[in-house]
Each structure stands twice: as C-alpha cells, then as structure tokens.
Amino acid sequence: MGEQVRVRIAPSPTGDPHVGTAYQALFNYAFAKGRGGKFILRIEDTDQARSTKESEDAILESLRWLGLQWDEGPDIDGPHGPYRQSERLAIYRQHAESLLKAGHAYRCFCTRERLDKMRTRQGPDTGYDRHCRNILPAESDKRASAGQPFVIRMKIPGEGVCVFQDLLRGEIRKDWALVDDQIIIKSDGFPTYHLAVVVDDHLMGITHVIRGEEWINSVPKHVKLYEYFGWDLPIFCHLPLLRNKDKSKLSKRKNPTSINYYRRAGFLPEALLNYLGLMGWAMPDGEDKFTLQQMLANLQLEKISLGGPVFDVDKLRWLNGRYIREDFSPRALQEKLESWALNRERIGRIIPLVQPRLETLADWGHLTAAFFADEVPFDPQQLKIKGKAPQEVAEILQFSVWRLEEQGGFSAKALDALFRNMAVTLELKLRDLLAPFFVALSGRRVWTPLFDSMEILGSDMVRMRLRRAIEALGGVSGKKLKKLEKEYSVLFGRRD
RNA sequence: GGCGCCAUCGUCUAGGGGUAAGGACACCGCCCUCUCAAGGCGGAGACACGGGUUCAAUUCCCGUUGGCGCUACCA
C-alpha cells in the first residue's frame, strides 16, 4: 500500500472562473477520490498586478457549484496551510535563500532596459544571457544590501539533457541548453510560478501533479528545483488542452469560457461536469452520461487520450437536455427552475424595472424574456450607432467588453459611470452609444433601463451577448484586434 | 524561427498486428405524432501522407506534413 494520493487544483485568481480550471479540477478530484485520496485547492496569487479577491471568490464559488469540494484550501484549514501563495511569501524567500547559499541560484541585477536590449540584439530565441551569474557572492550581497533591486534566478546546466516521465506520454527529454535561467523570485519579492509550485507541491505532500499540457516545457525547471532541494519528484501527468473549434487553446473570444456563464445560461453542474469528463476520456462501457461517482470509480488516468479535445457546446446542450429530461420529476424541475432564476429575489429585482412599462400583466412575458434567456435573437441591422459604420460599432462593442472585463463590480451605478465616461471619450451622445447595447442584450431597440438590466443579467451573460453581437457585425479579426488594443489603451488607459 | 507535445468520421471517442474499424453529438431520411421537441429505426461519414518491420499494418518504428503549446520579473 503506497502513500495516500494527494492532488491539487491551483488556479490563478486573475479573471472569470474558467471551464479549463473546472476540467483540471474534475480530473484531479476524480482521480484522488477514486482512490481515497485528498483534493487540495491552492490559490496561486503571486501575480500582484492581476490577482483579485473577487476572482478568487468567484473561483471558489463556481467549484462549489460544480460539487468539487476540496479537503484543504484557503477556507478549509489543513496541516499544510496557508493555501494562498501570497500568504506563504516567507516560505518561498527562505527556500530561495537556501538555493542562493548553496550556489544553485543567484541575484540578477539586470534592468528591464538591459534585458530588452539584450533580446533585440540576440533575437527572441535565446534566453537570459546569464550576465549576472558570475557576480561574486560578496559583491552580490553588497549590492543587495545597498538597496539595488534584483531578482533571483536559478542556475540551469549549460549542457546535457533533462529526462523525465509523464504519466501519459512516457519519457520526455529536453536539452538543458534550451532552458533559461528562470527567475524564481521577482523584484517585488514574490516568487514566480516555478518556485512556488515546486515548494508548495512538495510541502503539501502532492503525489500527482495533474495539470494542463501548457506546462510540459517548464518541467525541466521544476525537476532541477526538486533536485536542488533534494526532494523526490511527484508523478507528472499533463492533460490535453481544451480547444476552440479552430483547435486553438480554448479562449473566451471564441467560446464561452466562464463557468458563471454556463450557470446563468441554464446548464446543470452535473451535466457540465459530465461533459468535461468526456473530454479525453470515456467510460469503459462507452456510455456518455455518467455521474461524478461513476467517473471516479472508473477513471484511469492512463486511458486519457491526448489529442486536444474541441469543446462542443452543442453536445453539452444535448447532454444537459438528457439530465433535464431523465433526472427530474416535474416537481423537482420546478424547484430547479426556481432556484435558477424564477425566484422571488430575482423577480423582485425585475419588477421595479417593468412595472412602469406594463399595460397589462401579460406584457410581463415579452418584456422580461431576455432576463431568462441565453441567446437573444436580434436583427444585426439594428446594431447601429448614428453616424458609425457597422465595423466601427463592432469596435465600440469590443471596447465595452474590455471595459466591462476590467470593471470590478457590476452595479448599475458603476455601469452608469462607465458608459457616461465612454460616451465622452468616444464623443458620442450617451443615447446613441447605448442603442446597440439595447439590441445586443435584449434583442429589441427598447427595453427596461439598460444599466439596471445589465446588473440583473450579470457580467458574464452581458459580455457573452455583446460578443455575439460583435460576431454578427462581422467580428474583429486577430490583426485588427492588435490595432484596436492600441487604440483602446490610448483612449481608456492601459489594458493587459 | 527554436524547442516540446499531439494526430481514428465535421466534433467527442472505442479499439488495436488479421475487425464489416464500434458508439455518441451534429447532419439527412423514415416511423410515431395536433405542432415542435423527445423517442424508435435507417443513412452518409474516419484510421493525414511516405517509407520501413512483419505472412499481415489503422495499430509497432522512422521520416514528412499538419495542428497545438511554450519561448515574460503571467500563470
């Protein structure tokens, strides 16, 4: 009997809770629970600029909604806490110090300017030129204590080849010469992913590192760190990446990726989970519909197929339909509908908006339909702003999507300010600017007050409908997007 | 560009040296039916290409091509 299985999901709280996170969480969870192991949630918030508490809360909430309950996490203390990396800074610093002392790492005092210059000089292919690698320790200490800013880099061998095992792919090898002297502590004192993940996975007793394929190329860095620390390697298992229809990595521009969107659009957590379970894996009997319990009882990681699966909303809808038809009595469905949207709370928020516009009680139906829908049908011809070409309207909608993404809260008041500001910036009358939003969000030119309605609809659904409108206007191509981003940063300030 | 990973119907997949290459979504047709769904039945639809290995390759090996990913003081 080997040691107990311990796995983790380690999301970075930098945006909407992503279905890719749910996908990774599902396989980690099912693997651990299938063999009496533990499933740990760790928040990787080492990017100070992009991490937010709202995002973290949303991620926890959506994983709970899916029913993937963790055994240890930021809100459930365990023997290896804290489970938020920003609260573990001392641990990383201490480990970085030990590498420094052992000569496995060094301070790098290079400025951004020097690095930029170096890169343009030698092209983008070669990594850091190891300029600071040979600074004598005494000298390094002196400069550091003199207050000169620095990062800490790990030493990577100049030659030889790194060989490691991936549970699904077998042996993988990569020349050390192609690996960079990775920064492990940033100048703000925070660790980068590579240090933090290795230290935490070890300290938290993680036995199987199950994560996305995008990490394969950094495994050598991790392997080296394990070696420097004298720790045993966990088992690496890199899952394929979920894809858009065009096979690129699943992205919100081409697909709904926010778990909250699916929730709002009326998908059931068990159906979404089941669908995700079909990505790269199949039940032994080939049955498409299965419960989490059945999945964890049957999951064998080795059986996962490696072609990147395309996320097909149509099949998800079909599966979701099966759950609705097969697993609910009319009574149970009624309750489900009530908890989803047909409840006093939600209807209570809508009433004040429609009451002034009601001539008969029956007008309720068409006036509020958009609040209970996923897609709303609209006539693309009506997505107009006075004096603007359709393509310009699409660009303005794209700007608004970006602005809304940056928007912390989603209150009517904040939206009011946001759109007024946008109207001024774009030199448009608010009324003209808003016209296509009414159409995109409700399918009609007139609706209940926009900002209040948006608040009720929620950020995810609003942005989804705006993206659909952008598509209907011919979309924004990749090339065009770059240009637009520049324009955007001029008009509204930097965006990342 | 460099490096890494990957490759069965349009999509998700099963399979594996000798199969009629199986299932599901989507699509088409028929049945059921007050409509539409659902359901039933049927249809069309795949082993990327080229070399090996072998009595025999879709399956094993190599190459090509293609796709994706990584190439940040982001994860």
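Residues numbered from 1 in each chain as written. Chains lettered and ligands numbered in written order. Predicted model: local features only at pLDDT ≥ 70, side-chain atom pairs only at ≥ 80, totals over all residues. Heavy atoms only, no water.

1. Some details on the environment of Ser442
Link 1 in the chain: Inspection of the secondary structure puts Ser442 in helix α17 (residues 430-442).
Link 2 in the chain: What makes Ser442 buried here is its relative accessible area of 8%.
Link 3 in the chain: Ser442 sits 46 residues away from Ile396 along the chain, and the two C-alpha atoms are 18 Å apart.
Link 4 in the chain: Ignoring anything within four residues of it in the chain, the contact list for Ser442 reads Ala370, Val376, Phe437 and Trp447.
Link 5 in the chain: At 2.6 Å, the side chain of Ser442 forms a polar contact with the backbone oxygen of Phe438. (Helix = DSSP H or I, 4+ residues; strand = E, 2+ residues; numbered from the N terminus. Buried < 20%, exposed > 50% of the residue type's maximum accessible area, 1.4 Å probe, protein only. Contact = heavy atoms within 4.5 Å. Polar contact = N/O pair within 3.5 Å; in protein donor to acceptor, adjacent residues only side chain to side chain.)

2. Details of the domain arrangement of chain A
Link 1 in the chain: Domains assigned within chain A are domain 1 (6-86 + 242-317), domain 2 (88-239) and domain 3 (380-492).
Link 2 in the chain: On a C-alpha basis, the centres of domain 2 and domain 3 stand 42 Å from each other. (Domains from an automatic or database assignment.)

3. Let's talk about the pairing of strand β5 (residues 161-166)
Link 1 in the chain: Of the two faces of β5, the one holding Cys162, Phe164 and Asp166 is buried and the one holding Val161, Val163 and Gln165 is not buried anywhere.
Link 2 in the chain: Sheet analysis places β5 next to strand β6 (residues 170-175), joined by 6 bridges and oriented antiparallel. Across the sheet, Phe164 pairs through a bridge with Ile172, a residue of β6.
Link 3 in the chain: The turn linking β5 back onto β6 is made up of 3 residues. (Pairing = 2+ DSSP bridges.)

4. Observations concerning the pattern of salt bridges
Link 1 in the chain: Counted under the stated rule, the structure contains 43 salt bridges.
Link 2 in the chain: Note that Arg173 is salt-bridged to Glu171, the shortest N-O span being 3.1 Å.
Link 3 in the chain: Relative accessible area serves as the criterion here: at 54%, Arg173 is assigned to the exposed category.
Link 4 in the chain: The residue Glu227 makes a salt bridge to Lys224 at a minimum N-O spacing of 3.1 Å. Of this pair, Glu227 and Lys224 both sit in helix α7 (residues 219-229), 3 residues apart, which is roughly one turn of that helix.
Link 5 in the chain: According to the relative accessible area criterion, Lys224 is buried, its value standing at 8%. (Salt bridge = Lys/Arg side-chain N within 4 Å of Asp/Glu carboxyl O.)

5. Side note on the side chain of Ser51
Link 1 in the chain: Residue placement: Ser51 occurs in the loop between β2 (38-41) and α2 (53-66).
Link 2 in the chain: The class of Ser51 is buried, set by a relative accessible area of 18%.
Link 3 in the chain: A polar contact is formed between the side chain of Ser51 and the backbone oxygen of Asp47, at a distance of 2.9 Å.
Link 4 in the chain: Once residues within four sequence positions are removed from consideration, Ser51 is found in contact with Pro13, Thr14, Asp45 and Thr46.

6. Focus on the sheet that holds strand β7 (residues 183-185)
Link 1 in the chain: The strand order across the open sheet built from 3 strands is β3-β4-β7, with neighbouring strands paired in antiparallel fashion. Sheet topology places β3 (105-108) and β7 at the edges, where each strand pairs with a single neighbour. For this sheet, the mean angle separating the axes of adjacent strands, direction not counted, is 45°.
Link 2 in the chain: Note: strand β4 (residues 151-154) against β7, 2 bridges, orientation antiparallel. Bridged to Arg153 within β7 is Ile183.
Link 3 in the chain: Set on the sheet, helix α3 (residues 89-102) makes contact with β3, β4 and β7; between it and β3 the angle comes to about 105°. (Axes fitted to C-alpha atoms, helices over the stretch in contact; angles between N-to-C directions.)

7. A look at the packing of α3 against α7
Link 1 in the chain: Their axes nearest at 11 Å, the elements α3 and α7 cross at an angle of 75°. One way to sum up the angle between α3 and α7 is to call them roughly perpendicular. In this structure, α3 uses His95, Ser98 and Leu99 to contact α7, whose residues at the interface are Leu225, Tyr228 and Phe229.
Link 2 in the chain: Of the residues assigned to the contact of α3 with α7, the class counts are 4 nonpolar, 2 polar and no charged. (Parallel < 35°, antiparallel > 145°, perpendicular 65-115°, else oblique. Nonpolar A, V, L, I, M, F, W, Y, C, P; charged D, E, K, R; others polar.)

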